[in-house]
Amino acid sequence: DQQVKQNSPSLSVQEGRISILNCDYTNSMFDYFLWYKKYPAEGPTFLISISSIKDKNEDGRFTVFLNKSAKHLSLHIVPSQPGDSAVYFCAVLRGPYGGSQGNLIFGKGTKLSVKP
Amino acid sequence: DTAVSQTPKYLVTQMGNDKSIKCEQNLGHDTMYWYKQDSKKFLKIMFSYNNKELIINETVPNRFSPKSPDKAHLNLHINSLELGDSAVYFCASSIMTGANVLTFGAGSRLTVL
């Protein structure tokens with residue numbers, strides 16, 4: 001039973017265009033939603049997060065949108081650059097923060113390829 | 001100056017052996033984790049320690065035993081290795097507040113033959 005689903009295993013985008021990565025979750029009790037980026041042979045690195053009380057958070061070229069009614073999260077990268085090519089993981093913080101012990105639940109990842 | 005470092009990066013061993021993976025963080029974080037990324041690419045939490053105390057222990061076989069000698073170290077010892085233990089193991093650390101952003105190590109790829 002996957003609580004976090006990234007249904008697109010891969011995405012290919014032209015340099016300079018927008019990349020949109022999607023994530024769906026099942027539990028409305030999550031408090032925070034995060035995106036991580038992972039290059040081969042490296043650990044995941046934190047990219048951006050959003051609290052459940054917000055619907056948008058922006059950091060430079062990266063914007064995360066949260067649609068709580070649809071239980072859907074998306075990451076927009078504008079403009080996309082070849083260096084953005086990596087696997088992107090969606091993650092959710094389980095349960096009300098005070099009782100979750102900080103357990104992040106990850107999706108399976110989407111491999112983004114940005115072509116020059 | 002690596003923030004979360006794990007050793008070894010690669011480990012190839014025979015079934016039935018016992019092996020350890022070490023992890024150290026120099027970020028001053030109070031919580032450390034072990035995650036496993038299996039062949040299906042899911043990242044799943046195994047253990048979490050806060051100030052040397054075990055706070056998360058997911059359904060992991062008791063052949064896996066974490067050890068935290070201090071806040072900066074969380075080692076993973078695996079007894080009687082099985083083929084299904086082959087995976088990439090990631091150590092991570094965080095300060096447990098807000099979005100609880102984890103900083104990950106580079107991973108340790110374990111191959112059991």
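Residues numbered from 1 in each chain as written. Chains lettered and ligands numbered in written order. Predicted model: local features only at pLDDT ≥ 70, side-chain atom pairs only at ≥ 80, totals over all residues. Heavy atoms only, no water.

S.K.: Requested: an account of the overall build of chain B, with residues and values cited.
M.R.: If you tally the helices and strands in chain B, you get 0 helices and 11 strands. Starting at the N terminus and walking to the C terminus, you meet the elements of chain B as β-β-β-β-β-β-β-β-β-β-β. Along the three orthogonal principal directions, the C-alpha set of chain B runs to about 40 × 30 × 30 Å. In chain B, which comprises 113 residues, the proportion classed as buried is 43%. Expressed as a percentage of contacts within chain B between residues at least 6 apart in sequence, the contacts between residues at least 24 apart total 54%. Computed over 12 positive and 10 negative side-chain charges, the inter-centroid distance for chain B is 6 Å. (Helix = DSSP H or I, 4+ residues; strand = E, 2+ residues; numbered from the N terminus. Buried < 20%, exposed > 50% of the residue type's maximum accessible area, 1.4 Å probe, protein only. Contact = heavy atoms within 4.5 Å. Lys, Arg positive; Asp, Glu negative; His and termini not counted. Charge placed at Lys NZ, Arg CZ, Asp CG, Glu CD.)

S.K.: How would you explain the pairing of strand S5 (residues 45-51) of chain A if you had to name every residue and give the values?
M.R.: Residue and element names in this part refer to chain A. In terms of burial, S5 is a largely internal element, 5 of the 7 residues being buried. In the sheet, strand S4 (residues 32-38) pairs with S5 via 6 bridges, with the strands oriented antiparallel. Residue pairing in the sheet places Tyr36 in a bridge with Phe46 of S5. (Pairing = 2+ DSSP bridges.)

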